[in-house]
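The lines below spell out each chain.
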Amino acid sequence: SMASPALLMRVVASAYSVAEKAATIVRNVMSAGDLGIVEKTGANDLQTKADRLVQMSICASLARKFPKVTIIGEEELSTDEVTEELIEDGHCEEILKKTCPAQYTGIKEEELVIWVDPLDGTKEYTEGLLDHVTVLIGIAYGGKAIAGVINQPYYNYEAGAGAELGRTIWGVLGIGAFGFQLMEAPAGKHIIVTTRSHSSTLVNDCISALNPDSVIRVGGAGNKIIQLIEGKASAYVFASPGCKKWDTCAPEAILHAVGGKITDIHGNSFQYNKEVKHMNSAGVLATLRNYDYYASRIPNSVKQSLVP
């Protein structure tokens, strides 16, 4: 008989279905019209009803199937009020058919940490910039992001009525990443994608020093990594402390699965063990290709301002 799939593949296959359920919740909250917006630390740090319901759905669904896995979500919520309709029990068969990379076959539940951003790009969501929004489920082992799921609930939303909304991108180190068409940015062009709502002098000084051909300002870390893997941007540069581990874990796994690289502004890799601090306080530098070109051009003044 066939051996049952390795734990990692079962977790990723479940996370895929859980992310699709999350996307449905995000769309339903938006179409119902009451976003239930709460300011957390200020006008650029918002939480909506979708953030709350999606996090409850993702965390409760995965915890029910994988009770010993550590799950860390962005929102501070009690999970007491999770109703059955928020639970997703399904999984993606296609993922279970893939062979788990040998180095991950022996993983136990208690060795995994799942980092969840229920709605990355909340501010953009409240402003109707729906293509910026992603749901992020990142899976870490040994402090390293090894697998991830990014769902875009509103992918294709400008295609008009009848178009199929949303898509799910997933990846595992050693297998690759799926659900999108991998493209490289135009050769010789330096197109930088950066923050839309968290700009600062430091952010802008760093970008100017890289002398880009163009700068794209969009919301959401998940969305920015998608710009890289679809060839719309050549580097994601954010010289500021605002990014958190749940913003980068899933995107990092997907980017690394296709040969890209993400670090802080100093070139340090991110750590994802459960004890780690949540803030990526030394910013973000990510590319699909030519990482060294951008890393070598980050000004020392910028590096000195951002302490890991």
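As the structure is a prediction and not an experimental result, all values here were calculated from the model.

What counts, and at which threshold
- Residues numbered from 1 in each chain as written.
- Predicted model: local features only at pLDDT ≥ 70, side-chain atom pairs only at ≥ 80, totals over all residues.
- Heavy atoms only, no water.
- Salt bridge = Lys/Arg side-chain N within 4 Å of Asp/Glu carboxyl O.
- Helix = DSSP H or I, 4+ residues; strand = E, 2+ residues; numbered from the N terminus.
- Buried < 20%, exposed > 50% of the residue type's maximum accessible area, 1.4 Å probe, protein only.
- Pairing = 2+ DSSP bridges.
- Axes fitted to C-alpha atoms, helices over the stretch in contact; angles between N-to-C directions.
- Contact = heavy atoms within 4.5 Å.
- UniProt positions renumbered as here; feature names shortened; annotations may be inferred.
- Polar contact = N/O pair within 3.5 Å; in protein donor to acceptor, adjacent residues only side chain to side chain.
- Parallel < 35°, antiparallel > 145°, perpendicular 65-115°, else oblique.
- Left-handed = near helix turned anticlockwise from the far one by under 90°.
- Nonpolar A, V, L, I, M, F, W, Y, C, P; charged D, E, K, R; others polar.

## With respect to the pattern of salt bridges
Then, number 1: Considering all chains together, one arrives at nine salt bridges under this definition.
Then, number 2: Here Glu184 and Arg289 are joined by a salt bridge, their closest N and O atoms 3.0 Å apart. With a gap of 105 residues between them, Glu184 in the loop between strand S8 (176-178) and strand S9 (191-194) and Arg289 in the loop between strand S13 (284-287) and helix H8 (291-295) connect regions that are remote in the sequence.
Then, number 3: Between Glu230 and Lys232 there is a salt bridge, and its shortest N-O distance comes to 3.0 Å.
Then, number 4: Residue classification places Glu230 among the buried positions, given a relative accessible area of 15%.

## Here's the deal with the sheet that holds strand S6 (residues 144-152)
Then, number 1: Spatial strand order, S3-S4-S5-S6-S7-S8: six strands in an open sheet with mixed pairing. Taken across any chain shown, the strands that pair with only one partner, and hence form the sheet edges, are strand S3 (70-73) and S8. Put simply, the sheet's adjacent strands are angled 15° from each other on average, direction ignored.
Then, number 2: The pairing of strand S5 (residues 134-141) with S6 spans seven bridges and is classified as antiparallel. Paired with Ile139 across the two strands is Ala147, which belongs to S6.
Then, number 3: Of the strands in this sheet, S3, strand S4 (112-120) and S5 touch helix H2 (residues 49-65), which is tilted by about 155° from S4.
Then, number 4: Docked against the sheet, helix H7 (residues 245-257) engages S3, S4, S5, S6, strand S7 (167-172) and S8, running at close to 100° with respect to S6.

## So, the UniProt feature "binding site: Mg(2+)" (unreviewed entry) in the protein
Then, number 1: Summarizing the sequence annotation, UniProt attributes the feature "binding site: Mg(2+)" (unreviewed entry) to Glu74, Asp117, Leu119, Asp120 and Asp247 in the numbering used throughout. Across 174 residues of sequence, these annotated residues stay compact in space, with a maximum C-alpha separation of 9.6 Å.
Then, number 2: When its relative accessible area of 5% is taken as the criterion, Asp120 is described as buried.
Then, number 3: Polar contacts involving the side chain of Asp120 include one to the main-chain amide nitrogen of Ala221, which spans 2.8 Å.
Then, number 4: Following the sequence through the fold, Asp247 ends up in helix H7.
Then, number 5: Ignoring anything within four residues of it in the chain, the contact list for Asp247 reads Asp117, Asp120, Leu136 and Ala221.

## Some details on the packing of helix H6 (residues 221-229) against H7
Then, number 1: The contact between H6 and H7 brings their axes to 9 Å, and the two run at 15°. One finds that H6 runs roughly parallel with respect to H7. Here H6 runs over H7; the crossing is right-handed. Listed contacts from H7 to Ala221, Gly222, Ile225, Leu228 and Ile229 of H6 are Asp247, Pro251, Ile254 and Leu255.
Then, number 2: The class makeup of the residues in the contact of H6 with H7 is seven nonpolar, one polar and one charged.

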